[in-house]
Amino acid sequence: QVQLVESGGGLVQAGGSLRLSCAASGRTFSSYGMGWFRQAPGKEREFVAAISWSGDRTYYADSVQGRATISRDNAKNTLYLQLNSLKPEDTAAYYCAADPSRYILLRRDEYAYWGQGTQVTVSS
């Protein structure tokens, strides 16, 4: 069992930056594939970024490619998402997800564990 707690969201002006964190409980964090998703009001939860268990492979949605960096610190059981050049359309609740599969996972239904989300609001 893995518990995930996101933090770092907030209100930011367009063009600004935020770093989201996801603290994970459990001794097996370092062996899990991890990802970030987001959900805007009235829309489905969508993939943002994913990282392999070792951190050596990452993958990004086209919408954030070049503006986002996913990383992990296995010693601290923490996943990060750095978001730069934020746009109003980035406004959403951001969720981290984990799965015992060690690899890059892109679909919601591939992840076994989810956090409660952290809100990111970008003003124009």
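Residues numbered from 1 in each chain as written. Predicted model: local features only at pLDDT ≥ 70, side-chain atom pairs only at ≥ 80, totals over all residues. Heavy atoms only, no water.

Moving on, we come to the overall build of the protein. The secondary structure content of the protein amounts to 0 helices and 11 strands. When the helices and strands of the protein are placed in sequence order, the string is β-β-β-β-β-β-β-β-β-β-β. For the protein, the C-alpha radius of gyration of 13 Å lies close to 14 Å, the compact-globule estimate for 124 residues. With respect to the three principal axes, the spread of C-alpha positions in the protein is 40 × 25 × 25 Å. Buried positions account for 44% of the 124 residues belonging to the protein. If you take every contact in the protein between residues at least 6 apart in sequence, the share linking residues at least 24 apart comes to 60%. Counting only carbon and sulfur atoms, one obtains 45% of the accessible surface of the protein, whose full area is about 6300 Å². Both charge centroids of the protein, one from 13 positive and one from 11 negative side chains, sit 4 Å from each other. (Helix = DSSP H or I, 4+ residues; strand = E, 2+ residues; numbered from the N terminus. Rg over C-alpha atoms; globule rule 2.2 N^0.38 Å. Buried < 20%, exposed > 50% of the residue type's maximum accessible area, 1.4 Å probe, protein only. Contact = heavy atoms within 4.5 Å. Areas by Shrake-Rupley, 256 points an atom, 1.4 Å probe, with all protein chains shown as cover. Lys, Arg positive; Asp, Glu negative; His and termini not counted. Charge placed at Lys NZ, Arg CZ, Asp CG, Glu CD.)

Moving on to the environment of Leu-4. For Leu-4, the location among the structural elements is in strand S1 (residues 4–7). Sequence separation between Leu-4 and Asn-77 is 73 residues, and the spatial gap between their C-alpha atoms is 9.8 Å. Setting aside anything within four residues of it in sequence, one finds Leu-4 in contact with Cys-22, Ala-23, Ala-24, Met-34, Cys-96, Ala-97, Ala-98, Tyr-113, Trp-114, Gly-115 and Gln-116.

Pairing in this open sheet of 4 strands is antiparallel, and the strands run S1-S3-S8-S7 from one edge to the other. Sheet topology places S1 and strand S7 (68–73) at the edges, where each strand pairs with a single neighbour. Each strand axis lies, on average, 15 degrees off the axis of its neighbour in the sheet, ignoring direction. With 6 bridges joining them, strand S3 (residues 18–24) and strand S8 (residues 78–83) adopt antiparallel strand pairing. Bridge pairing links Ala-23 to Thr-78 in S8. (Pairing = 2+ DSSP bridges. Axes fitted to C-alpha atoms, helices over the stretch in contact; angles between N-to-C directions.)

A word on the pattern of salt bridges. Under the definition given, this model contains 6 salt bridges. In this structure, Asp-90 and Arg-67 form a salt bridge, with 2.8 Å as the shortest nitrogen-oxygen distance. Here Asp-90, found in the loop between S8 and strand S9 (92–99), pairs with Arg-67, found in the loop between strand S6 (58–60) and S7; they are 23 residues apart in sequence, far enough to count as distant. With relative accessibility at 2%, the residue Asp-90 sits in the buried group. Of the charged contacts, one joins Asp-109 and Arg-107 as a salt bridge, the two residues approaching to 3.0 Å between their closest N and O atoms. Asp-109 gets classed as exposed once you look at its relative accessible area, which sits at 61%. A network of salt bridges, in which partner residues are shared, links Arg-38, Glu-46, Arg-67 and Asp-90. (Salt bridge = Lys/Arg side-chain N within 4 Å of Asp/Glu carboxyl O.)

Quick look at the nonpolar core now. Nonpolar side chains tend toward joint burial in soluble globular proteins. Formed by 36 residues in total, the largest nonpolar core has its most connected members in Leu-4, Met-34, Trp-36, Ile-70, Leu-79, Leu-81 and Tyr-94. For this core, the elements supplying multiple residues, two or more each, are S3, strand S4 (33–39), strand S5 (46–51), S7, S8, S9 and strand S11 (118–123). (Core = buried A, V, L, I, M, F, W, Y, C linked by side-chain atoms within 4.5 Å.)

By themselves these figures say nothing about function.
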